[in-house]
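Spelled out from the first residue to the last, the chains are:
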Amino acid sequence: MKTLTKCLFIFLAALALNTNQLKAEPGEFHFGIDGGFTYADMKAEETAQEIANLSGSTVTYTYDEATWAGRIYGGYGVADNMDLEVGFWLTGSLDATYTIGANSASESYDMSAFDVSLKYDVAGTPFFAKGGVHQSTLNGAATITIGGTEYDIADSITGTGWLIGGGMEIDNSRYGLTYIANVGGDSDSSTAFAYYGMKF
């Protein structure tokens, strides 16, 4: 694993020194599309325990750890090597299935969000860093029914949070990772978005 990490670092460093970067100029508008995968902890273990407490039965569960995600955004060059970006996110669903005996039921969560962030391009390299805030909604079912019995679980929530990330741009392509905290305004909910994007 250490050898793989070292090789990957050397490859990225060589790529950085030998490629042209697409940098914003002050007063320049642009837009882009990012697509990839979002990784999150659904806290299915906690929900299963809650159902077990309510039902008095043993609950088993399976759950997704990742789903697709996409973001469209517009950007404006506010200074040398610095952009202001406004974006909209949408994800696929993360599903969990809970089973009591021969009966089972599933719950699904998906996320949508608006974000505002500052993106800083490191001069002389293709690397960038970004940070900002978001207004996000985590959509989920309020109840789940197993074997004819309805159990109250988490509901949809909306709120604000923060994000931080980074990556690299090569020509009109970019690769990055963004950490999104306080999804739906919940301090216990977060996700990470790994993506490939096109900038126009």
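All figures in this text were calculated on a predicted structure; none of them were measured in a lab.

## Comments concerning the overall build of the chain
Okay, so step 1: If you tally the helices and strands in the chain, you get two helices and 12 strands.
Okay, so step 2: Restricting to contacts in the chain with at least 6 residues of sequence separation, those with at least 24 account for 65%.
Okay, so step 3: As displayed, the chain offers around 10600 Å² of accessible surface, 60% of which is attributable to carbon and sulfur atoms.

## Overview of the confidence of the model for the chain
Reading fine detail from the predicted coordinates is not recommended where pLDDT is low.
Okay, so step 1: Of the residues in the chain, 86% have a pLDDT of 70 or more, and the chain-wide mean is 86.
Okay, so step 2: Across the chain, the element-wise mean pLDDT spans from 44 in helix 1 (residues 2–17) up to 97 in strand 11 (residues 173–181).
Okay, so step 3: For the stretch residues 1–22, pLDDT sits under 50, and the model shows 18 contacts to residues farther than four places along the chain or on other chains.

## Brief notes about the pattern of salt bridges
Okay, so step 1: The final tally for this structure, using the stated rule, is 12 salt bridges.
Okay, so step 2: Lys119 is paired through a salt bridge with Asp83; the nearest N and O atoms lie 3.8 Å apart. Highlighted residues: Lys119 in strand 6 (residues 103–121) and Asp83 in strand 4 (residues 82–91), separated in sequence by 36 residues. Each member of the pair Lys119 and Asp83 is classed as buried.
Okay, so step 3: Notably, a salt bridge pairs Arg174 with Glu169, separated by 3.6 Å at the nearest N-O pair. Here Arg174 and Glu169 have matching classes, each one buried.
Okay, so step 4: Salt bridges sharing common partners tie together Asp34, Arg71, Asp83, Glu85, Asp115, Lys119, Asp121, Lys130, Glu169, Arg174 and Lys199.

## A few points about the nonpolar core
Okay, so step 1: Ile51, Val59, Tyr98, Ile144 and Ile146 are the most contacted members of the largest nonpolar core, which totals 27 residues.
Okay, so step 2: Listing elements by their share of this core, those giving two or more residues are helix 2 (44–55), strand 5 (94–100), strand 6, strand 7 (127–139), strand 8 (143–146) and strand 12 (190–199).
Okay, so step 3: In this structure, Ile51 is in contact with Gly56, Val59, Tyr98, Ile100, Ile144, Ile146, Tyr151 and Ile153, ignoring residues within four places of it in sequence.

## Here's the deal with the packing of aromatic side chains
Okay, so step 1: Following the criterion strictly, the structure yields eight aromatic pairs and no others.
Okay, so step 2: By way of ring pairs, the aromatic residues Trp89, Phe193 and Tyr195 are connected into one cluster.
Okay, so step 3: The ring of Phe128 has Lys119 sitting right over it, with the charged end atom 5.2 Å from the ring centre.

## What to know about the environment of Val86
Okay, so step 1: Note that Val86 resides in strand 4.
Okay, so step 2: Taking the C-alpha atoms as reference, Val86 lies 5.6 Å from Asp115; in sequence the two are 29 residues apart.
Okay, so step 3: Those residues within four positions of Val86 in sequence are excluded, and the remaining contacts are Ile72, Tyr73, Gly74, Asp115 and Val116.

The rules behind these values
In every chain, residue numbers begin from 1 and rise along the written sequence. Only residues with pLDDT of at least 70 are given local features in this predicted model, and only at 80 or more are side-chain atom pairs given and counted; all residues enter the totals for whole chains, interfaces and linings. Based on all heavy atoms of the structure, the side-chain values leave hydrogens and waters out of the count. Helix numbering and strand numbering both begin at the N terminus, where a helix is a DSSP run of H or I of at least 4 residues and a strand a DSSP run of E of at least 2. Whether two residues touch is decided by their heavy atoms; if any such pair falls within 4.5 Å, the residues are in contact. For every accessible area listed, the method is Shrake-Rupley and the probe measures 1.4 Å; residues are considered covered only by the protein chains on display. What pLDDT reports is the predictor's confidence in each residue, on a scale of 0 through 100. Salt bridges are defined as contacts in which a side-chain nitrogen from Lys or Arg sits within 4 Å of a carboxyl oxygen from Asp or Glu. When a residue's accessible area, from a 1.4 Å probe over protein chains only, is under 20% of the maximum for its type it is buried; when over 50% it is exposed; and in between it is partly exposed. Buried Ala, Val, Leu, Ile, Met, Phe, Trp, Tyr and Cys residues form a nonpolar core when they are joined through side-chain atoms within 4.5 Å. Aromatic pairing here means that ring centres of Phe, Tyr or Trp (its six-membered ring) are within 6.5 Å. Orientation follows from the plane angle: under 30 degrees is stacked, over 60 is edge-to-face, and everything else is tilted. Put simply, a charge is over a ring when the Lys NZ or the Arg CZ is close to the ring centre, within 6 Å, and near the line of the ring normal, within 35 degrees.

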